[in-house]
Amino acid sequence: MTSEPVPFSQFVLKVHSRCDLACDHCYVYEHADTSWRGRPRAAPDEVLERAAGRIGEHARAHRLPAVHVVLHGGEPLLAGPARLRRAAELLRAALPAGCALDLRIHTNGVLLDRAFCELFAEQDIKVGVSLDGDRLANDRHRLFPNGRSSHAKVLAALELLRAPEFRHLYAGLLCTIDVANDPIAVYEALVAERPPRIDFLLPHATWDHPPARPEGAGPTPHADWLLAIHRHWSERGRPVPVRIFDSVHRTLRGRSSLTESLGLDPADLVVIETDGTLEQADSLKTAYDGAPATGFDVFAHTLDEVARHPGMLERQSGLAGLADACRACPVVRSCGGGLYAHRYRTGGGFDHPSVYCGDLLKLITTIRDRVQPPTAVPAQDRRPLTEGHLDELARGLGGEAAVGALAKAQLELSRRLVAAVGAPAGSPAWQLVAETDRRAPAALDAVLAHPYTRAWAVHCLGGDGRADLGGLAELAAAAALRARSEFELLLPVRSGWLHLPTLGRLRLDGRAEAVLRGDAEGLHCDGQTVRWDRPGDDRWQPVRRVVLPGWALALEDTDPQRDSHQWPAAGRLAEAELLDWTGALREAWELLGRDLPEYAAGIAAGLGTVTPLAPGTDGRDISAAARQAFGAVGIARPSTSPVLALLLAHEFQHVKLGAVLDLYDLYDQEDRQLYYAPWRPDPRPLEGLLQGTYAHLAVAAYWASRVRTFDGIRGDAAAAARLQLATWRAHTAAAIGTLAGSGSLTPLGLRFAEGMRAALAPVLELPVGAAAEEAAREAAAADLAARRGTVGRR
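In what follows, the accompanying structure is described. (Residues numbered from 1 in each chain as written. Predicted model: local features only at pLDDT ≥ 70, side-chain atom pairs only at ≥ 80, totals over all residues. Heavy atoms only, no water.)

So, on to the sheet that holds strand β11 (residues 497–500). With respect to topology, three strands assemble into an open sheet ordered β11-β12-β16, the strand pairing being antiparallel. For this open sheet the edge positions go to β11 and β16 (540–542), each flanked by a neighbour on one side alone. Direction aside, the axes of adjacent strands within the sheet are offset by 15° on average. (Pairing = 2+ DSSP bridges. Helix = DSSP H or I, 4+ residues; strand = E, 2+ residues; numbered from the N terminus. Axes fitted to C-alpha atoms, helices over the stretch in contact; angles between N-to-C directions.)

Listed below in structure tokens is the structure:
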């Protein structure tokens, strides 16, 4: 067990102990525990006051950055609006400065109306709703005491939550599994309600009272039910987060689980009943009468005392607290022994595997093999970023070492993704990949590190994992050619071109596929012999490279996967266009090296590909990064080199931050709230605001460098630079404040916010003149008025 208990950060506050439904699978009223019978129906004021005080006391003692409170029951809406308002106000008043409150309510939805929604909007209370699927599925268990269906009332509540003024309150749907229901029909019924998240729960059971298994079902019916949904969900591009699937994916990668029922993370939850008693997790009510009891209450005991209760410590003991069979299991770090309550057996307590052990093993291993099949390509060791690297990146920078570490982690990720696509392992393309990795790993790495390799793999895995497997043959051939190996392989021909990622493309008209042979002399196909590392002609079009002092990059205009940006890619550059690009890049690089050397160092280390985009029709400068294409940016060549320098710095910020987000959680993934950015009229998810703020840190730095260049100079260009600086530094400062005040940043996310604030500080001190400041304020006020007008018209 842990020697020191983990502080609580999650609190279930029971505001009402009765329910208006009679669900026969409810663990509160229908299972072993009967303690609800002796508790007050509604939590009285003195319980709410003392509970809020204890939570605030605990947050203050442990300097918690945030606490998560769920108003629960029974059915919490039975408590009424006044009591719910009182609970929310007491909780907010009790928390210390700097501690954010994530307040939610979980309801069956039948009483949810506009008045409740207006209260929840006022008090910022997110709403989760229980729904077991379509009417047939929902009516198996979720009925009124008189046997009447609750389904229509729940759907009406969800329609209200989807209204524009309440959509931000909609936290998701919770569905208790019944394997007698059709899994796809249940999933589609839930998705039709457009939830921000779905949570599937295994029905509570123990070894004394095992889960029901339909006649004729196999040994793992619950895993089979969930896996049918997982495949269906994956084939449709995972349109909505599903907590149990996301948790399996995360724990398989060594990250934290999103649910107590999986993983080895210590439990940090306590329940406060309507009489003020402090209990362990509600799910224990399914084990035996009194199982969750601690003997403590909010009037006589601190939460630290509760945290030291043996039951709490047991649920924080990780691997050491599991049964011997669990500790020896190959998926224990993902399964975590399952939900603690599901391990119970009379006479042996909780020292058993989960009653769902077989289901969990099949669920986890099947998902693992779907997304990470066994591979002949060994993943390289991930070298996590050092504290120094994180400090650099938090300030928006990152030199050669920090960006190099990001690039190595991205290469590992690309290896894993290609391995996931690479089945069947016996295919000729896959055999060539494995052989190249054994003989010349650097040649394979050069192709796997290509930005659009990952974009292709993610595209394949977004469906059933078998889409566009010709891309694997293209990757294998390109790597083998780089290794100057002898091979023969069948490759697809796409719109008249045979593609070799990172090398170029060969013209082959009138063909759907072709056999490519490679050796030390080059590539041989259709009677042609080509030295891929020599200049091209009208049939062989190599990837062109621009070599500048301290920076070499590819101008990618051949790879069919380069259309991964939000704007369309340009076609093959004519020689005159290539010369224009080369000159513009040279001038932009000189400007970056002179005026923004702290950003240029990272660009040189991590930006190896610029993809020309088609120009826009309205004269705007167009540029984009792609979340799944580390090392590349797409740009439509602007009219001036200084603008190109700005676009390069701006877009590479997105590239860096995306790579950081692949390694670390900077914000709460469950935050579905939308946030306004000063530079956009529409609200954005938190990641969008974080990405934009990080990118505009470089924009502010760029305009600061231009203002310094124009120091003491009058004229339109100098005035424009001062106005741009005044605008972008104000925008960026405001966005940093919104991020820091969101309550959804992790400790590392807060570190990034503080790093950005520190990086912006000298830029804020740069004088631009009263005229520029006033013009920037007027523009911001006009933007705000336009935004308010848009909101008012919704």
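Below, the discussion takes up the pairing of strand β2 (residues 66–72). Counting buried residues in β2 gives five out of seven residues, a clear majority hidden from the surface. Two elements, strand β1 (residues 10–14) and β2, share five bridges in a ladder whose sense is parallel. Counted as the bridge partner of Leu13 is Leu71 from β2. Pairing analysis gives six bridges linking β2 to strand β3 (residues 100–107), with the strands arranged parallel. Bridge pairing in β3 links Leu71 to Ile105. Handedness of the β-α-β unit built from β2, helix α2 (residues 81–94) and β3 comes out right-handed. (Buried < 20%, exposed > 50% of the residue type's maximum accessible area, 1.4 Å probe, protein only. Right-handed = clockwise from strand over helix to strand, strands pointing away.)

Next up on the list: the side chain of His309. Topologically, His309 is positioned in the loop between α9 (303–307) and α10 (310–314). Of note is the side chain of His309, whose polar atom sits 2.9 Å from the backbone nitrogen of Gly311. Excluding its chain neighbours within four sequence positions, the residues that come into contact with His309 are Gln280, Ala293, Thr294 and Phe296. (Polar contact = N/O pair within 3.5 Å; in protein donor to acceptor, adjacent residues only side chain to side chain. Contact = heavy atoms within 4.5 Å.)

Below, the discussion takes up the packing of helix α23 (residues 686–709) against helix α25 (residues 747–764). Between α23 and α25, the least distance of the axes is 10 Å, while the angle of their chain directions is 20°. Here α25 runs roughly parallel to α23, going by the angle between their axes. The two elements α23 and α25 meet at a crossing, and its hand is left-handed. Residues Leu690, Thr693, Tyr694, Leu697, Ala700 and Ala704 of α23 touch α25, and the partners they reach there are Phe752, Met756, Ala759, Leu760 and Val763. Broken down by class, the residue content of the contact of α23 with α25 amounts to 10 nonpolar, one polar and no charged. (Parallel < 35°, antiparallel > 145°, perpendicular 65-115°, else oblique. Left-handed = near helix turned anticlockwise from the far one by under 90°. Nonpolar A, V, L, I, M, F, W, Y, C, P; charged D, E, K, R; others polar.)

The next point concerns the sheet that holds strand β10 (residues 487–492). Taken together, the four strands give an open sheet; going across it, the order is β10-β13-β14-β15, and neighbouring strands pair in antiparallel fashion. Single-partner strands in this sheet number two, and they are β10 and β15 (528–530). Strand-to-strand twist of the sheet, defined as the mean angle between neighbouring strand axes without regard to direction, takes the value 25°. In terms of strand pairing, strand β13 (residues 513–519) meets strand β14 (residues 522–525) through three bridges, oriented antiparallel. Each residue of the ladder has a partner; that of Gly518, found in β14, is Leu523. Against the sheet, helix α19 (residues 470–482) touches β10, β13 and β14, its axis set at about 145° to β10.

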